[in-house]
Amino acid sequence: MKSLFSFRSLIFVFMFMMTSSLWGKSLSGKIGVCCGNDSWELVGKYGYDYIETSVVSFLIPTENDSAFSERYKEASSLDIPVYSCNSFFPATMRLVGKDVNTEEIRQYVETAMKRAEKMHIEVIVLGSGKARSIPDDFAEGEARSQFVSICRMIGDIAQKSAITVVIEPLRYSETNFINSVEEGLRMVKEINHPNIRLLADIYHMVSIGESPESIVKAGKYLKHCHIAEKEKRTPPGVEKDDFTPYLKALKQIGYKGKISLECVWEDKEQQLPVALKELKKQILEVGL
């Protein structure tokens, strides 16, 4: 009887260790939150792996180094790293159209990359829907050529700081240029720069009815993800959205990047732990 009990105990311990190992392996360092500095400590408190914040409001490339140093001190004191930044360009800094100022963009990007490197930031998201939207009186082909040229310049600057810039396809209400992951993939291939890659935002994909198959097609070009529920951009667990078809697609391509919650929050204290638990559950379910 004693030997049977010991055998069962060993089996239990073995299964527990295997489960713990798989849990840690599949989720380690993977899930973060897009937020401003008012939420950084809260995100760390609830066990997220990293913060994704804003180029415009955190790296502040339009301001001098002393202004940035205050933000640097604040972020450096945290127990949670700043891994990535979004909101790359302000709406007034045009990336396509008649009002593009290439030198202004270059200086802005150089400052942003130097500060990002100082913070050990690895990924910068190029969404900036208004900055990249094509004006009504401007030819799409010309805008595309401009964007390719600008992105190659950005890629060259980012390469010096070992940072990857990921192009984020956005739903139709946010921009008229690069709305789907498939369109983003074509653009990244056309840019053809090792430091310019692709982001898949599952919220935007679901909003425009884009299939998980686009993630499979993106394959090695996909380096970062955003996620939120479809109806009101709520965090996972509010409407109980099922993300597993998209998570399975990520698994299929051997995705090794991270997933940032880019959501509309009503009560972070209540929703942050629920969202993390729900997303972990779905990730573990598909074995990502």
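Above this note sits the structure.
Residues numbered from 1 in each chain as written. Predicted model: local features only at pLDDT ≥ 70, side-chain atom pairs only at ≥ 80, totals over all residues. Heavy atoms only, no water.

S.K.: When you look at the pairing of strand 2 (residues 50–54) in this model, what are you seeing that I'm missing?
M.R.: Along any regular strand, the residues point their side chains to alternate faces of the sheet. By the criterion of burial, strand 2 is predominantly enclosed, with five of the five residues buried. Note that strand 1 (residues 31–34) and strand 2 share three bridges and pair parallel. Along strand 2, the bridge assignment pairs cysteine 34 with glutamate 52. Handedness of the crossover joining strand 1 and strand 2 through helix 2 (residues 40–45) is recorded here as right-handed. Alignment of strand 2 against strand 3 (residues 82–86), held across four bridges, turns out to be parallel. Residue threonine 53 lies in a different strand from strand 3, and its bridge partner there is cysteine 85. (Buried < 20%, exposed > 50% of the residue type's maximum accessible area, 1.4 Å probe, protein only. Helix = DSSP H or I, 4+ residues; strand = E, 2+ residues; numbered from the N terminus. Pairing = 2+ DSSP bridges. Right-handed = clockwise from strand over helix to strand, strands pointing away.)

S.K.: Help me understand the environment of cysteine 225 in this model?
M.R.: Turning to its location among the elements, cysteine 225 is positioned in strand 7 (residues 222–227). With 24 residues separating them in the primary sequence, cysteine 225 and aspartate 201 have C-alpha atoms 5.5 Å apart. In contact with cysteine 225, other than residues within four places in its own chain, are Leu199, Ala200, Leu250, Tyr255, Lys258, Ile259 and Ser260. (Contact = heavy atoms within 4.5 Å.)

S.K.: What is the right way to look at the packing of aromatic side chains in this model?
M.R.: In this description, a pair of aromatic rings is defined by centroid distance and the angle of the planes. Under the defined criterion, the tally for this structure stands at seven aromatic pairs. Ring plane angle 70 degrees and centroid distance 6.0 Å describe the contact between phenylalanine 58 and phenylalanine 68, whose orientation is recorded as edge-to-face. Of this pair, phenylalanine 58 sits in helix 3 (residues 55–59) while phenylalanine 68 is found in helix 4 (residues 65–76), placing the two residues 10 residues apart along the sequence. Look at phenylalanine 58 and you get buried, because its relative accessible area is 1%. Sitting above the plane of the tyrosine 72 ring, lysine 118 keeps its charged end 4.4 Å from the centroid. (Phe/Tyr/Trp six-rings, centres within 6.5 Å; stacked < 30°, edge-to-face > 60°. Lys NZ or Arg CZ within 6 Å of the ring centre and 35° of its normal.)

S.K.: I keep staring at the sheet that holds strand 4 (residues 123–126) and nothing clicks. Help me out?
M.R.: Hydrogen bonds along the backbone pair up the strands of a sheet, which may run parallel or antiparallel. One closed barrel accounts for eight strands, arranged 1-2-3-4-5-6-7-8; its pairing is parallel. With strand direction ignored, the average angle separating the axes of adjacent strands in the sheet is 30 degrees. Taken together, the four bridges between strand 4 and strand 5 (residues 164–167) define a ladder with parallel strand orientation. In the strand pairing of strand 5, valine 125 is matched with valine 166. Set on the sheet, helix 12 (residues 268–286) makes contact with strand 1, strand 7 and strand 8 (258–261); between it and strand 1 the angle comes to about 140 degrees. (Axes fitted to C-alpha atoms, helices over the stretch in contact; angles between N-to-C directions.)

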